[in-house]
Amino acid sequence: MGSLSDFFDKHDPDGRWRAGALTGLASGTFSTVLISLGGPRIGRDVPLDWMEIASINLRDRAIVSEPGWPQVLPGILTHQSVDLAWAAAYFGLGIGHLGQEKQRKALLAGAIPWAVASSAFEFFVAIPILQRLLKMQVPYWTGLTVHLASSVAYPLFLRIRRRIAGEETTPDEDRLARLTLLAMGGSIAALALLEVLARKGHEPRWPFDREQEIEVGRSFLRQMTAHHELGVRLSRLLRDKAPQKEARVLGTLMYAEHVGELDAMRRWWRNWYGGEMPEPTEEEHERMPGMAADRAGGRAGDDERGRLRAELLPRHDLPPRRRDNHVRRPDKAGQGPPPDPVRRPDPLRAATKCSTCASWRGVPDAVGAPFGARPPEGAAP
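Figured I'd write up the structure that's included with this text. For clarity, every value in this text was computed on a predicted model and none was experimentally measured.

1. Considering the environment of Gly-75
Along the polypeptide, Gly-75 turns up in helix 4 (residues 69–94). Gly-75 gets classed as buried once you look at its relative accessible area, which sits at 0%. Ignoring anything within four residues of it in the chain, the contact list for Gly-75 reads Trp-50, Ile-53 and Ala-54.

2. Description of the environment of Ala-115
Along the chain, the position of Ala-115 falls in helix 5 (residues 100–130). With a relative accessible area of 2%, Ala-115 lands in the buried category. For Ala-115, the residues in contact, after removing those within four places along its chain, are Leu-144, His-147 and Leu-148.

3. Observations concerning the pattern of salt bridges
Under the definition given, this model contains 15 salt bridges. One salt bridge connects Arg-175 with Asp-172, and the closest N-O pair in it is separated by 2.8 Å. Of this pair, Arg-175 and Asp-172 both sit in helix 9 (residues 171–199), three residues apart, roughly one helical turn. Look at Arg-175 and you get partly exposed, because its relative accessible area is 42%.

4. Here's the deal with the side chain of Thr-169
Tracing the chain through its elements places Thr-169 in the loop between helix 8 (156–165) and helix 9. What makes Thr-169 buried here is its relative accessible area of 17%. Leave out the neighbours within four places in its chain, and Thr-169 touches Arg-159, Arg-162, Arg-163 and Asp-174.

5. Side note on the packing of aromatic side chains
Counted under the stated rule, the structure contains 14 aromatic pairs. Where Trp-86 meets Trp-114, the ring centres are 5.7 Å apart and the plane angle is 80 degrees; that geometry is what we call edge-to-face. With Trp-86 in helix 4 and Trp-114 in helix 5, this pair connects stretches of sequence that are 28 residues apart. Arranged with centres 6.3 Å apart and planes meeting at 85 degrees, the rings of Trp-272 and Tyr-273 form a pair that is edge-to-face. Joined through ring pairs, the aromatic side chains of Trp-86, Tyr-90, Phe-91, Trp-114, Phe-121, Tyr-154 and Phe-157 make up one cluster. A cation over an aromatic ring shows up here: Arg-218 above the ring of Tyr-273, its NZ or CZ 4.9 Å from the ring centre. For Arg-239, the ring lying beneath its charged end belongs to Tyr-255, and the centroid distance is 4.7 Å.

6. Concerning helix 8
Among all positions of helix 8, only Leu-156, Phe-157, Leu-158, Arg-161 and Arg-162 are buried. Immediately beyond the C-terminal end of helix 8, within one or two residues, lies Gly-166, with a positive phi of roughly 75 degrees.

7. Comments concerning a nonpolar patch on the surface
On the surface, Phe-121, Phe-124, Val-125, Ile-129 and Leu-130 cluster together into a nonpolar patch covering about 480 Å² of accessible area. Judged by its relative accessible area of 63%, Ile-129 falls in the exposed class.

Definitions and cut-offs
- Residues numbered from 1 in each chain as written.
- Predicted model: local features only at pLDDT ≥ 70, side-chain atom pairs only at ≥ 80, totals over all residues.
- Heavy atoms only, no water.
- Helix = DSSP H or I, 4+ residues; strand = E, 2+ residues; numbered from the N terminus.
- Buried < 20%, exposed > 50% of the residue type's maximum accessible area, 1.4 Å probe, protein only.
- Contact = heavy atoms within 4.5 Å.
- Salt bridge = Lys/Arg side-chain N within 4 Å of Asp/Glu carboxyl O.
- Phe/Tyr/Trp six-rings, centres within 6.5 Å; stacked < 30°, edge-to-face > 60°.
- Lys NZ or Arg CZ within 6 Å of the ring centre and 35° of its normal.
- Patch = residues over 30% accessible without salt bridge, like charges linked within 9 Å, V, L, I, M, F, W, Y side chains within 5 Å.
- Areas by Shrake-Rupley, 256 points an atom, 1.4 Å probe, with all protein chains shown as cover.

Listed below in structure tokens is the structure:
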């Protein structure tokens with residue numbers, strides 16, 4: 001203990017780095033609880049969220065169809081360590097150099113800009129480098145919200161640093177710390193109450209919706225659920241049949257996303273409208289964008305790909321394929337097919353464009369090989 005104390009006395013004499021790290025531990029714990037309790041309120045699946053965060057460190061090894069504790073714990077550890085690092089940098093390199101009075105003013109003025117800057121760096125710079133699949137699934141505003149929530153705990157730094165230095169806290173610092181703890185505790189209590197109500201089947205709905213808006217919400221849930229059910233089937237095909245590893249990982253992530261969102265929409269229906277969600281009518285199904293079956297695909301041949309097109313493939317606006325899944329049409333003079341074939345969309349490519357996965361950036365062309373086909377020898381897995 002003596003050597004550790006000597007180390008801190010030498011390298012952190014004023015205690016700002018230790019206080020920043022402890023503040024980061026408090027802010028990370030607070031935001032971890034908010035993610036776990038608040039995610040379901042906006043339709044997020046909590047184990048899925050932690051799995052996606054874990055994939056930053058574990059990469060593809062973290063992506064599974066049904067995330068559990070082996071994925072949740074690394075995700076929480078990753079989030080806590082990043083939050084601790086941001087807080088330590090903010091206080092150790094930033095306002096920790098200022099005097100006590102200036103610290104208090106800079107703390108309140110700089111926390112929000114720091115949350116915006118740090119969340120933007122993570123979303124637009126770090127995550128695309130470390131795990132490019134994650135940006136597809138999580139919008140920027142969710143990360144910004146988490147960083148803003150973490151900054152709520154930053155006023156605790158003043159009191160923690162005083163305690164490390166063995167100094168007495170001022171009445172203003174004590175008052176600010178009490179208000180901070182009250183805000184953190186109140187937020188957790190409110191979200192915990194909403195979670196209990198949701199588990200009991202009484203999750204509150206927005207109380208100011210008019211009758212027309214309520215009907216629009218009911219129609220949206222029924223039709224989007226039907227679309228997601230198709231997305232589950234398509235993403236399962238991508239997960240199980242794609243010859244490239246990257247495509248299989250993407251299919252696994254898409255499958256987990258669709259299943260989590262299906263659970264959320266069905267829970268909302270039960271809590272808000274009662275009973276089980278009815279299926280869309282035939283007319284509604286035909287009107288839904290992307291849901292009219294491409295029955296012509298079944299006439300292209302009785303191969304596996306044609307059968308799957310006939311059963312599963314929705315109409316999506318896709319680029320032409322460079323493969324042979326096409327039909328040839330005779331020219332006007334009846335002298336044979338034109339030189340350029342009319343290509344049909346590929347079901348694996350369609351899977352990546354389905355439903356909430358419209359942000360797909362493109363699977364390598366080898367994914368378009370017939371289902372069950374093996375990649376060429378020497379090809380990357």
